[in-house]
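Examination of the molecular architecture
Residues per chain, in single letters:
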Amino acid sequence: MATTSSSVVVLTVLLLVSALPPACVLAADDDGTTHLSFFMHDIVSGSNPTAVKVIKGPGSTTAPTLGMAFGDTTVVDDALTETSSATSTAVGRMQGIYMLSSQTGAVLMVCANLLFTSGDHNGSTIAVLGRDDTSEPVRELSVVGGTGKYRMANGYVLWKTSSMSGADATVQLDVYLTTGNGTIDEAAAPVSPVDGGAGSGGSSGSSGTKAGSAVRTAGGGWVSACLVAVVVAVVGSFWV
């Protein structure tokens, strides 16, 4: 009987964890680092592309796999999803530009915002800037800032091509970041509209505390909620 009860508890926990929203892929390490993992879909083909070339370089094609020449610049509004499937749960958008910045290979300079469009972090952004050498299996780009729950973010993104179809690409993004560095006076910091404020500069202590708290708890709230849900499920299963 005990073995059967344990099996039921384990099965219940696994089912609940598998049903949790995409926010639960986040993890907060002991050092305060937040890890986010999702996929970006860069579509240049078809009647509704998410990546559109706006500047054509003067030279010949130097990156045949990408169909790009030195100086080619593309504006993107790519979908971010939970898994490599373009039809999986939407996480947000990657909005910005990339350009072929090498005369000898398929190397891009990427400048973009990762905009989150669901969950508690809806409206928050992470700013990414860096060198994307598409010939490498894994590339590292920099996190240079953020807004909302990711205000003052810094860290890096591991950028890995999951699949390609012609010039269309699905890329896995693993983001590792920390937020806040203690240099802003919390009592004087304005509250972002993403935090629930009006966006105007304020000097009240309560507003400053709210802004500071949002920075300190970024990445931890979702994880805590997931853990609480699992614990409640386990305890509840014993009382059924």
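If you're wondering where the values come from, they're calculated on a predicted model, not measured in any experiment.

**Observations concerning the overall build of the chain**
A count of helices and strands for the chain gives 3 helices and 12 strands. Taken across its 240 residues, the chain has 38% of its residues classed as buried. Total accessible area computed for the chain in this model is approximately 12400 Å², and 61% of it derives from carbon and sulfur atoms.

**Topic: the packing of aromatic side chains**
All chains considered together, the criterion is met by 3 aromatic pairs. The interplanar angle of 85° and the centroid separation of 5.8 Å between the aromatic rings of Phe 38 and Phe 116 together place this pair among those described as edge-to-face. Linking Phe 38 in strand β2 (residues 34–42) with Phe 116 in strand β8 (residues 107–116), this pair joins segments that are 78 residues apart in sequence. The residues Phe 38 and Phe 116 share a single accessibility class, namely buried.

**Points about the pairing of β8**
In the sheet, strand β7 (residues 90–100) pairs with β8 via 9 bridges, with the strands oriented antiparallel. Residue pairing across strands places Gln 95 opposite Asn 113, the latter belonging to β8. Turn length for the β7-β8 hairpin, with the two strands adjacent in sequence and antiparallel, is 6 residues. Sheet topology places β8 next to strand β9 (residues 125–133); 9 bridges connect them, and they run antiparallel. Considered in β9, the bridge of Leu 114 is made with Ile 126.

**Here's the deal with the confidence of the model for the chain**
Across the chain, the average pLDDT comes to 76, with 62% of residues at or above 70. Across residues 8–25, where pLDDT falls below 50, the model places 16 contacts with residues more than four positions away in sequence or in other chains. Predicted confidence is poor over residues 182–189, with pLDDT under 50, and the contacts of this stretch with residues over four places away or in other chains come to 18 contacts.

Here is what the cut-offs are and how they apply
Each residue is numbered by its place in its chain's sequence as written, counting from 1. Two thresholds apply to this predicted model, a pLDDT of at least 70 for residue-level local features and 80 or more for giving and counting side-chain atom pairs, whereas whole-chain, interface and lining totals are computed over all residues. Hydrogens are left out, water is left out, and the side-chain values use all remaining heavy atoms of the structure. For helices the rule is a DSSP run of H or I covering at least 4 residues; for strands it is a run of E covering at least 2, with both sets numbered from the N terminus onward. Relative accessibility thresholds used throughout: buried, under 20% of the residue-type maximum; exposed, over 50%; partly exposed, between the two (1.4 Å probe, protein chains only). Residue exposure ignores everything except the shown protein chains as possible cover, and the areas themselves are Shrake-Rupley values with a 1.4 Å probe. Here a pair means two rings of Phe, Tyr or Trp (six-membered ring of Trp) with centres within 6.5 Å. Their orientation is stacked below 30 degrees between planes, edge-to-face above 60, and tilted elsewhere. Paired strands are those between which DSSP finds at least two bridges. Residue-level confidence of the predictor, termed pLDDT, takes values from 0 up to 100. Pairs of residues are marked as contacts when any of their non-hydrogen atoms sit within 4.5 Å.

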